[in-house]
Amino acid sequence: MRSKVKTKMSLKEQLEENDRLFEETGYVFGLGELSRKEEDPTKYWTVKSILSGIMNNAWNLAIKVSTSPLAEAGDCMLMLLTPTGETICASHGIQAHMLCPTFAVRDLIMHDYEEDPGIEPGDIFECNYQKITGVHPPDIYDYIPIFHKDELVGWVAGVVHSLDVGGITATSLNMISPSIFGDGIIVPNEKVGVKGDFKKEYIRRVNALSRLPANYMADRRSNAAGCNLVASRVISDVIGKFGLDYYKDVTKEYIEDCRRTIQTRIRHQLVPGRMRIRECMDVPLKGQGIFPGQDRDFLIMIPLELDITKEGKFKWSLHGASAPLPFGGNSAPAMLKAVSSMPITMALAYDWFNHGALAVQDIETVPNSWSDPYADQPWASTSDSWETLVPTITWFCELWSRAQFSRGYIEEVMARFPAMILAEVEGTNPAGYYIHGAVGDLQTSGAGAHAVRDGDDCAMSLGGGRVDMLASESWELFYPFMYLGRRLAADHCGRGKYRGGIPGNPLYMFINTPTASWSLQHLGTHSKTLDNGGMYGAYPQPSFRINVVQGTKEVEAYIKLGKNIPTYRGDPRKPNETNMPAGSYQIGRTVPQAVPEPISSYGIIDYTSVGGSGFGDPIERDPELVKADLDNERSLPGTARSVYAVEAKYDQKRREWLIDYEATSKLRQKVKEKRKEGGIPFKEFWKEERQRVLKKDMIEPITTMLKESMELSPKYAQEFREFWVLPSDFKFA
Amino acid sequence: MPEYLKEELEILLDGKLSWARVQEIIDNPKDEDRFEKWLQILQARVSFKEKILLPLTNHLYIVQKGKDRIVKCDCGYEFGDYRVNWKLYSLVYLRATQDAIEEIYPGTEAPEAEWVNVREYCCPGCAAMLEVETLPPGVPADFEFLPDLDTFYGDWLNQPLPEKFEFIDKTSEVLAQWAKE
């Protein structure tokens, strides 16, 4: 079918021309000059503001069309694109998605959709296939063409995190999915709507394959409503007032301007060189795995090498990445590149929000690793790609914070905010409606510490700058639980001279539901290991553990008597759940709980969200900051002494903590002496550790991880052998 | 383009500037003479005379010592060539047992010692904890930042340093030597 696309060149020709111009000139679209900006800067910035206003206004409409509290909490976004798919600007919301639709439009163009099935006014295209783009299946992109008369002048895309896409478990992240065949409804770039509405057969497919089809379609209509509002206002308020030629020129200039801004800021704020960091993340699935290869405790290497080049670009490599995962934790090159643009934008192009961030980076993934699993495993699951994606991209912020510190822009420094964690629940809600989905407490993460102050508590969402955990009542109306508490998780942060932001500690008690289940999906948290985040001598945040109270009859009776019910975790040595009837509770279970676990009414789950990493040596922390944390119950007395080396006593009369400065000074001196006495020269440490490596004297998950990393990345194998000075044929069996 | 007094930048560095003012500084375009002032502030605070070329962390600096460029702690301890991972000359306080780990991470906070060791890299001179690395045993220590000083000074600041050094990681050369001892 011929489409109504009327341009001098086909979209494919335009795209190829754009790529060629960028390759040859280094300027996006070959724009050596920003003539529209130069001729009338006021008009240039005015139109940019109008476009931003249009996007945010449409976003406010879209979240009201969706039935999901996740959308209301900000897990959705709208993006305006050029005809060839470059993002021009975006709305509020989950900024991680800002550049993902670019790859969907590119795919559509390269697969000749212009010819078949054609591109018509009123069409709705959809994609949630991670080989093409996106983050995971529940983040479904719907996008529509913008036509001015008969000419395609751009696209608008929307995304909402949907509660259920029919995956193998009743969760949205569906971490245990062994392959794409467990990921649920996958739409690999398809025309799902015509004449402004979704096709009947598409809706029937959703009705047949999703557990929550009404919510699913409301999210699609949320996208469509937002996209249509953007499209109509771009036509009326921008093209109508400023002319089509101006719109075409200026939107391209915004993108090139963004690229220039980022490269200029890299050269003005950072320092060129090579940066390296990694973490080894445990995923303990022993006893939970249900498909072949899953029933073991995994260790995943997540490395990042970042070269800040002479030209002011980022060249990054994941060499050392370990093997693909037989569950949903894999990433993919397009998503890594698109999502890494989010921290780049947040840190260096906060006044822009567009494709320019893609133009300043080159990425090297490792074929057949979790970072690019498709060559050997074309059906690898990415249902919970955040598991590897979050740790990867959050390293960026810490690495260039190090460069900003070196350069003196210390106000910009922020240690890492290393992960997220997502509770998902299932059951019958107070309205008697079957429901399942994610809870917004993942938005209660703590931010990384700054070089000049503590990180913000409970104020960080990796996915987007707009943090909203929503009122507890919103979730209680939607899901089959009530909050027993939603407090700050004392000390659950990186500990340093400046500590990371403290996250939330929600406790859910399930009630009035005939059946229920819960899971805690993994997005980069550590249980058996630590995340390795933090700058200049700070300890990483603690291990992640879940406390669970089973809803037994004894527990029900105990609760109904109004006895000492836990409302927060409390002392990690003796959490408050230990007050509950003997035998009803389990303390310190590892994360994740990948497979939904049944729970009865009156059952309780207690977990913590993710804290920010710290900055500097903890014993350099101002004792007054330790006192403030003790007074506000953000830190416990044991931590004050063991980590910060601060002696404090609680004054019952004054109802505050008092610092003993003299004793603190002596204690800090003692810690330094202990470091000197107990510390060994690195050379000695290296010689002992080297012997251990030669003997391969490590637990199986470590040797397996190292074997995978060395086999998949010859470069890492060489670095590993050079570091330990090993024979050239050294390998782990 | 804003400019800040050195005195204000010192208050910022000491963590005593009001958050409202810090936010203003974040919001403003960046001051172009910051690096120059930054070096002056730090140079006045350290105990040594060698010229600071680049701060690496809040305790460590790359300095010009004669014809060499070495890493030096603010206490004066010298870690050697900046192209060798300074950790090689640190003291390692290793937490490789469950008890040692639980001194910092008690109860439900604790990871498992078989899976992860806490390597605390301290200055042999002043015992400041310079970096903490939490990796499984056997995983090499990372060299977090190897700056390309000649590109930085020559191409970015347009103030080339007197002599050029090859931009190369020399850590493995030292380790190879150690293996022969």
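Residues numbered from 1 in each chain as written. Chains lettered and ligands numbered in written order. Predicted model: local features only at pLDDT ≥ 70, side-chain atom pairs only at ≥ 80, totals over all residues.

Teacher, can you tell me more about the overall build of chain B here?
Looking only at helices and strands, chain B has six helices and eight strands in total. Ordered by position from N to C terminus, the α and β elements of chain B give α-α-α-β-β-β-β-β-α-β-β-β-α-α. On the principal axes, the C-alpha backbone points of chain B span a range of 55 × 45 × 25 Å. Put simply, chain B has 181 residues, and 41% of those count as buried. (Helix = DSSP H or I, 4+ residues; strand = E, 2+ residues; numbered from the N terminus. Buried ≥ 20, exposed ≤ 12 C-beta atoms within 10 Å, placed from the backbone.)

What should I look at first to understand the overall build of chain A in this one?
Within chain A one finds 18 helices and 23 strands. The globule rule puts the C-alpha radius of gyration for 733 residues at 27 Å, and the 26 Å found for chain A is close to it. Dimensions of chain A, computed from C-alpha atoms along their principal axes, come out at roughly 75 × 60 × 55 Å. When each of the 733 residues of chain A is scored for burial, the buried share is 61%. Taking the intrachain contacts of chain A between residues at least 6 apart in sequence as the baseline, contacts between residues at least 24 apart amount to 74%. (Rg over C-alpha atoms; globule rule 2.2 N^0.38 Å. Contact = placed C-beta atoms within 7 Å.)

Could you clarify how one ought to interpret the sheet that holds strand 8 (residues 145–147) of chain B in this entry?
Pairing between the strands of a sheet comes from backbone hydrogen bonds, and it takes one of two forms, parallel or antiparallel. Read from one edge to the other, the open sheet built from five strands follows the order 11(A)-10(A)-9(A)-8(A)-8(B), with strand pairing classed as mixed. Across the chains shown, the open sheet's two edge strands, defined by having one partner strand only, are strand 11 (361–364) of chain A together with strand 8 of chain B. Each strand of the sheet is rotated relative to its neighbour by a mean of 15 degrees, with strand direction disregarded. Strand direction decides the pairing type here: strand 8 (residues 273–284) of chain A and strand 9 (residues 297–308) of chain A, joined by twelve bridges, are antiparallel. The residue bridging A:Cys280 from the neighbouring strand is A:Met301, located in strand 9 of chain A. Contacts between helix 17 (residues 700–712) of chain A and the sheet are confined to strand 8 and strand 9 of chain A, with strand 9 of chain A contributing the most and set at about 45 degrees to the helix. (Pairing = 2+ DSSP bridges. Axes fitted to C-alpha atoms, helices over the stretch in contact; angles between N-to-C directions.)

What's the story with the nonpolar core in this structure? I'm lost.
Across soluble globular proteins, nonpolar side chains have a tendency to be buried as a group. Residue and element names in this part refer to chain A. Ranked by size, the top nonpolar core spans 261 residues in total, and within it Met 55, Leu 78, Leu 80, Val 156, Val 230, Met 420 and Ile 421 carry the most contacts. The element best represented in this core is helix 10 (residues 386–407), accounting for eleven residues. Not counting residues within four places of it along the chain, the set of residues in contact with Met 420 comprises Trp 386, Val 390, Leu 442, Ser 445, Leu 462, Leu 523, Gly 524 and Val 610. Residues Leu 488, Ala 489, Cys 493 and Ile 502 belong to the second largest nonpolar core, which totals six residues. (Core = buried A, V, L, I, M, F, W, Y, C linked by C-beta atoms within 7 Å.)

Sorry if this is basic, but what is going on with the interface of chain A and chain B here?
A common way to express how large an interface is: the accessible area buried when the components associate. Each partner contributes residues to the interface: chain A has 73 residues there, and chain B has 69 residues. For the side of chain A that touches chain B, the leading source of residues is strand 8 of chain A, giving eight residues. Tallied by class, residues from the side of chain A that touches chain B come to 34 nonpolar, 17 polar and 22 charged. Across two bridges, the pairing between strand 23 (residues 680–681) of chain A and strand 5 (residues 91–95) of chain B is antiparallel. (Nonpolar A, V, L, I, M, F, W, Y, C, P; charged D, E, K, R; others polar.)

Even after reading the chapter, I still don't get the confidence of the model for chain B, so can you show me in this structure?
Should pLDDT be low for a region, the predicted coordinates there are not to be read in detail. With 100% of its residues at a pLDDT of 70 or more, chain B has an overall mean of 97. ipTM for the predicted complex: 0.98, alongside a pTM of 0.96. (pLDDT = per-residue confidence, 0-100.)

Got a minute to help me understand the sheet that holds strand 16 (residues 516–523) of chain A in this structure?
Residue and element names in this part refer to chain A. Pairing is antiparallel across the open sheet formed by four strands, whose spatial order is 13-12-16-19. Strands with a single pairing partner mark the edges of an open sheet, and in this sheet they are strand 13 (434–438) and strand 19 (593–598). For this sheet, the mean inter-axis angle between neighbouring strands, taken without regard to orientation, is 10 degrees. Where helix 10 meets the sheet, it contacts strand 12 (420–428) and strand 16, and its direction lies at approximately 40 degrees from that of strand 16.

Which parts of the structure should I look at to understand the packing of helix 5 (residues 100–110) of chain A against helix 9 (residues 333–348) of chain A?
Packed helix pairs are characterised by how far apart their axes lie and by the angle those axes make with each other. Residues and elements named next belong to chain A. Following both chains from N to C, one finds helix 5 and helix 9 inclined at 135 degrees, their axes separated by 8 Å at the closest point. One element, helix 5, and the other, helix 9, form an angle in the oblique class. Mapping the contact onto sequence places Cys 100, Thr 102 and Phe 103 in helix 5 and Ala 334, Met 335 and Ala 338 in helix 9. (Parallel < 35°, antiparallel > 145°, perpendicular 65-115°, else oblique.)

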